[in-house]
Structures are given as structure tokens and as C-alpha cells.
Amino acid sequence: MSEERAVVFVVDDDSSVRRSLDTLLRSVGHDVRPFSSAQEFMQAQRPDALGCLVLDVRLPGMSGLTFQQELTKAGIALPVIFITGHGDVPMGVRAMKAGAVEFLTKPFDDQVLLDAVHAAIERDRERRRTAAQLAELQARYRTLTEREREVFKLVIAGRLNKQIADELSLSVVTVKVHRAQVMRKMLAKSIVDLVRMADQLRVSRAV
């Protein structure tokens, strides 16, 4: 994949921390978008770009941990790195269970934060890659006719051509044509490929 410049969103109510993180993250080539609160972040126009969120636990208004939950509800899948000067073990466990990449206690080493940001960006890159692949697969599935989808479900259930023909009241020749169309449109090289695609698409198999 091409080297895409990542965006690191920083949410911290301490202006000196925001400035420090801005300088550090820009020094390694990241685009940085600082915010003083969760509300400010949510109200801003933000690019849908590769990146992550560096988030203070204690914020005015909505706390960082509550904000993490709100992001999930809003469908914002940015990987989160928590930073805090007042962290404790239960708080860290809660954050990590909710999907945070890292939970860092201030003061932390610059390299530790940079490593966490790198890991978060790679997680986001993989998420985006997987989402793009699924979207492409869904687009292929939408090209199937209703009859081809019926054949698709029976093929992945392990039915033979004759069984499919009997079940759908078709000739074996017609089933073979539909089956070939399914394989061609889905770009499947084998039945195993087709089963894997069905699992990704969550297409239920015929019983």
C-alpha cells in the first residue's frame, strides 16, 4: 500500500500537553488535529483518514472513558490510546477491554507514545483494508441474480448439481450454468473460496 500520511487526533484539556504532543507527532511526519474536549472533537469537521486518537482520561464534561463508549456507539472506529496523570489499574483494564490500544500514565517516554501511535495506525490500516475487501465482496454478491443466490447457498451447503436441480426444479445443465456464473461473478476459484466468501458475507447456508 502507498504511504498515506496518518492523522493523529489529540484530545486533552491541557494546552501545554496538546502543544507538546503536536510537536512530537509532527516531528515523525504525522498530521495532528488537537482538541480540548470530547465535545469539540465531535463537533469538528474531521477527515475520514488513516489514523488514531490520543485521548486524555480526565476531560471537562465527558470523561475519556465515556467518550470511548460514545465513539463506538457513533460508529467511529479510530483506535484509541489513553494518556492520564491519574490512572489506576481498574481504569486501565476497563479501557483495554473496550478496545484501547494502550493506556499510558504521564509522564511517559516519547518513544513509548510513538510506538503506541504506530501500533494504533497499523491497526486502523488493517481495519480499513478489511472493510474495503468486504465492500468489494458485497458489491460482487449484489451482481448475482436471485436464482444465482439460491444456487450459491445450495453449493456452499455441499449440494451436488443433481440435488440442486431437484430442489429448484431445474435441469442439471441449467444448474451448471448458474453455478458457473456464481463462480465467475464472485471471482471464486474453488468451492472452498466460495464458502470463505459466504462466511465473510454472513450468507446462511441452505439446510
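In this text, all values refer to a predicted model and were calculated from it rather than measured experimentally. (Residues numbered from 1 in each chain as written. Predicted model: local features only at pLDDT ≥ 70, side-chain atom pairs only at ≥ 80, totals over all residues. Heavy atoms only, no water.)

It is worth spelling out unusual backbone geometry at this point. The residue after K106, namely P107, is reached through a cis peptide bond having omega -5°. The residue P107 is located in the loop between β5 (102-105) and α5 (110-142) in this model. (Helix = DSSP H or I, 4+ residues; strand = E, 2+ residues; numbered from the N terminus.)

This part covers the pattern of salt bridges. All told, the structure shown has 17 salt bridges when counted by the stated rule. Of the charged contacts, one joins R128 and D124 as a salt bridge, the two residues approaching to 3.0 Å between their closest N and O atoms. Of the two residues, R128 and D124 are both situated in helix α5; the distance of 4 residues between them amounts to about one turn of the helix. Among the residues examined, D124 registers a relative accessible area of 0% and is labelled buried. The shortest N-O distance in the salt bridge between E167 and R159 comes to 3.3 Å. According to the relative accessible area criterion, E167 is partly exposed, its value standing at 44%. Residue classification places R159 among the buried residues on the basis of a relative accessible area of 18%. (Salt bridge = Lys/Arg side-chain N within 4 Å of Asp/Glu carboxyl O. Buried < 20%, exposed > 50% of the residue type's maximum accessible area, 1.4 Å probe, protein only.)

Within helix α3 (residues 64-73), burial applies to G64, L65, F67, Q68 and L71. All buried residues of α3 project into a common sector of 155° when viewed along the axis, lining one side. (Arc of directions from axis to C-beta.)

Our focus in this paragraph is the pairing of strand β4 (residues 80-84). Counting buried positions over the 5 residues of β4 gives 5, a clear majority of the element. Of the two faces of β4, the one holding V80, F82 and T84 and the one holding I81 and I83 are both buried throughout. Both strand β3 (residues 51-56) and β4 contribute to a ladder of 4 bridges, which runs parallel. When the bridges of β4 are listed, L53 appears paired with V80. With 4 bridges joining them, β4 and β5 adopt parallel strand pairing. Across the sheet, residue I81 finds its bridge partner in β5, namely E102. (Pairing = 2+ DSSP bridges.)

Now for the sheet that holds β5. Ordered in space as β2-β1-β3-β4-β5, the 5 strands form an open sheet in which the pairing is parallel. The strands lining the two open edges of the sheet, one partner per strand, are β2 (31-35) and β5. Pairs of neighbouring strands in the sheet enclose a mean axial angle of 20°, with direction left out of account. Bridging between strand β1 (residues 7-11) and β3 involves 5 bridges; their strand directions are parallel. Across the sheet, the residue bridging to V10 is V54, located in β3. The strands that helix α1 (residues 15-27) touches are β1, β2, β3 and β4; relative to β2, the one it contacts most, it runs at about 170°. (Axes fitted to C-alpha atoms, helices over the stretch in contact; angles between N-to-C directions. Contact = heavy atoms within 4.5 Å.)

Predicted coordinates in areas of low pLDDT are best not read in detail. In this model, the protein chain carries an average pLDDT of 91, and 96% of its residues clear a pLDDT of 70 or more. Element-level mean pLDDT values for the protein chain span from 76 in helix α4 (residues 89-97) up to 97 in helix α8 (residues 172-186). (pLDDT = per-residue confidence, 0-100.)

Counting through the fold element by element, S37 comes out in the loop between β2 and α2 (38-43). Look at S37 and you get buried, because its relative accessible area is 11%.

To continue, consider the environment of Q111. Residue position: Q111 is located in helix α5. The partly exposed category is assigned to Q111, whose relative accessible area is 42%. For the pair formed by Q111 and D56, sequence separation is 55 residues and the distance between their alpha carbons is 18 Å.

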